[in-house]
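# Chains, contacts and geometry: an overview
Residues per chain are reported as follows:
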Amino acid sequence: MPFGSTVDADAANRPTQIAAAGVSRHASGESSGKHARPTRAVRRRRRAGTSGQRLFAFDRRLGVRFVAGADEAGRGCLAGPLVAAGVLFDYEALTTRELRSLAALNDSKQHTPDAREELYPLVLRSATRVVVVSRCASGIDARGLHKTNLAALHDAIRGVTAGISGEVACLLDGFSVPEFERPQRAVVNGDATSAAIAAASIVAKVTRDRYMHHADVLHPGWSFAEHVGYSTPVHREAILRQGVSPLHRMSFRSLAYQQLAL
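Broken down by element type, the protein chain carries 10 helices and 6 strands. Residues counted as buried form 46% of the 262 residues belonging to the protein chain. Relative to all contacts within the protein chain whose residues are 6 or more apart in sequence, the contacts with residues 24 or more apart total 66%. For the protein chain, the accessible surface area stands at approximately 13,800 Å², while carbon and sulfur atoms represent 53% of it.

Turning to unusual backbone geometry, a few remarks are in order. One non-glycine residue, Glu-179, adopts positive backbone phi at about 55°. Inspection of the secondary structure assignment puts Glu-179 in the loop between strand 5 (168-173) and strand 6 (184-188). According to the relative accessible area criterion, Glu-179 is exposed, its value standing at 72%. Even without being a glycine, Asn-189 presents a positive backbone phi close to 60°. Tracing the backbone shows Asn-189 in the loop between strand 6 and helix 8 (195-218).

With that settled, the discussion passes to the confidence of the model for the protein chain. When pLDDT is averaged along the protein chain, the result is 85; 80% of the residues meet or exceed 70. Long-range and interchain partners of residues 5-34, a stretch whose pLDDT sits below 50, account for 31 contacts in this model, where long-range means more than four residues apart. Within the model, pLDDT remains below 50 along residues 42-47, and this stretch shows 8 contacts once partners closer than five positions in the same chain are excluded.

Let's shift gears to the side chain of Asp-71. Structurally, Asp-71 is set in strand 2 (residues 66-73). One buried charged side chain, Asp-71, makes no salt bridge at all; its nearest oppositely charged neighbour is Lys-109, positioned 5.8 Å away. Among residues more than four places away in sequence, those in contact with Asp-71 are Val-83, Ala-84, Ala-85, Leu-153, Asp-173, Asp-191, Ile-197, Ala-200, Ser-201 and Ala-204.

The next point concerns the packing of aromatic side chains. Tallying each qualifying case throughout the model produces 4 aromatic pairs. Judged by centre distance (6.1 Å) and plane angle (10°), the rings of Trp-222 and Phe-224 are stacked. Of the residues examined, Trp-222 reaches a relative accessible area of 9% and is grouped as buried. Here a set of aromatic residues connected by ring pairs shows up, and it is made of Phe-56, Phe-89 and Tyr-91.

What follows deals with helix 5 (residues 113-126). With 14 residues, helix 5 should cover 20 Å at 1.5 Å per step; its first-to-last C-alpha distance of 20 Å lies within 8% of that length. At its buried positions, helix 5 is contacted by strand 3 (82-90), helix 4 (96-101) and helix 8.

Right, let's talk about the nonpolar core for a bit. With 33 residues, the main nonpolar core has Phe-56, Val-67, Val-87, Phe-89, Leu-102 and Leu-105 as its most contacted residues. Counting residues per element, the ones that place at least two in this core are helix 3 (51-60), strand 2, strand 3, helix 5, strand 5 and helix 8. Excluding anything up to four places from it in sequence, Phe-56 contacts Phe-89, Tyr-91, Leu-94, Leu-99, Leu-102, Leu-105 and Ala-195.

Further remarks concern the environment of Val-132. Turning to its location among the elements, Val-132 is positioned in strand 4 (residues 129-135). Spatially, the C-alpha atom of Val-132 lies 7.9 Å from that of Val-203, the residues being 71 residues apart in sequence. Those residues within four positions of Val-132 in sequence are excluded, and the remaining contacts are Val-83, Ala-84, Ala-85, Val-203 and Thr-207.

Running from amino to carboxyl end, helix 3 crosses helix 8 at an angle of 125°, the nearest separation of the two axes being 7 Å. Classified by the angle between their axes, helix 3 and helix 8 sit oblique to one another. Here Leu-55, Phe-56 and Asp-59 of helix 3 lie close against helix 8, whose contacting residues are Ala-195, Ala-196 and Ala-198. For the contact of helix 3 with helix 8, a count of residues per class yields 5 nonpolar, no polar and 1 charged.

Okay, the side chain of His-154 next. Mapping His-154 onto the fold places it in helix 7 (residues 145-161). Setting aside its immediate chain neighbours within four residues, His-154 contacts Val-177, Pro-178, Glu-179 and Phe-180.

This part is about the pairing of strand 3. For a regular strand, side chains alternate in direction, first toward one face of the sheet and then toward the other. Across the 9 residues of strand 3, 9 count as buried, placing the element largely inside the fold. Both strand 2 and strand 3 contribute to a ladder of 8 bridges, which runs antiparallel. The residue bridging Glu-72 from the neighbouring strand is Ala-84, located in strand 3. The sheet contact formed by strand 3 and strand 4 spans 7 bridges and is antiparallel. In the strand pairing of strand 4, Leu-88 is matched with Arg-129.

Criteria and cut-off values
- Residues numbered from 1 in each chain as written.
- Predicted model: local features only at pLDDT ≥ 70, side-chain atom pairs only at ≥ 80, totals over all residues.
- Heavy atoms only, no water.
- Helix = DSSP H or I, 4+ residues; strand = E, 2+ residues; numbered from the N terminus.
- Buried < 20%, exposed > 50% of the residue type's maximum accessible area, 1.4 Å probe, protein only.
- Contact = heavy atoms within 4.5 Å.
- Areas by Shrake-Rupley, 256 points an atom, 1.4 Å probe, with all protein chains shown as cover.
- pLDDT = per-residue confidence, 0-100.
- Lys, Arg positive; Asp, Glu negative; His and termini not counted.
- Salt bridge = Lys/Arg side-chain N within 4 Å of Asp/Glu carboxyl O.
- Phe/Tyr/Trp six-rings, centres within 6.5 Å; stacked < 30°, edge-to-face > 60°.
- Expected span 1.5 Å × (residues − 1).
- Core = buried A, V, L, I, M, F, W, Y, C linked by side-chain atoms within 4.5 Å.
- Axes fitted to C-alpha atoms, helices over the stretch in contact; angles between N-to-C directions.
- Parallel < 35°, antiparallel > 145°, perpendicular 65-115°, else oblique.
- Nonpolar A, V, L, I, M, F, W, Y, C, P; charged D, E, K, R; others polar.
- Pairing = 2+ DSSP bridges.

Put into structure tokens, the structure is as follows:
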């Protein structure tokens, strides 16, 4: 499939539905017999390997040396920056040790905060280049969320591929960006499909969460370390109790703001 098209990753990875009739009570792979043969589902999972192996296999099938991925964190938050990251992998330089260290690589939403923190330095160590771009709340309010998001992704993917000669597979999670000189591909559910996009999602999420934990110290009372800016009951109650902080995005039509005299 040529670059520039949108890939539905869910369709590519969606398992074939199997009729329930005749399924053994040992279909989970546990067996009462010592030498019982593993079920078909268990054998299929073993062949699939780890999440990292699956994601790196997707990137390798693109058939190019360099694969760049970009993703963002914080698009749906009431407060804090939008952070985009770009990650470039050189498949001629990646070692077996580095690939093994990223065996658990997956969409950042599939990991706990501690697991993301463990993966973060491993991504930095294995990637050829990493670029992080941040857009503040006032900039989001002035430009609009969608335009800000596209601009941040554009800067991340451009920055991480700058100066790389030859073909680079440029992958973005769900979006294509305007005015980008290289062929690009928007991958639906890309952070659970491509290793480069998943790595970018880890970098963006960890970077943003660290910022919001620091913001909790600078702006006490909104519990930023707990919800990192998302619209939770705790966050909405804090806004009702003490108003908004300099980190809040006022362009959002949030119910959390409607009871305030803004």
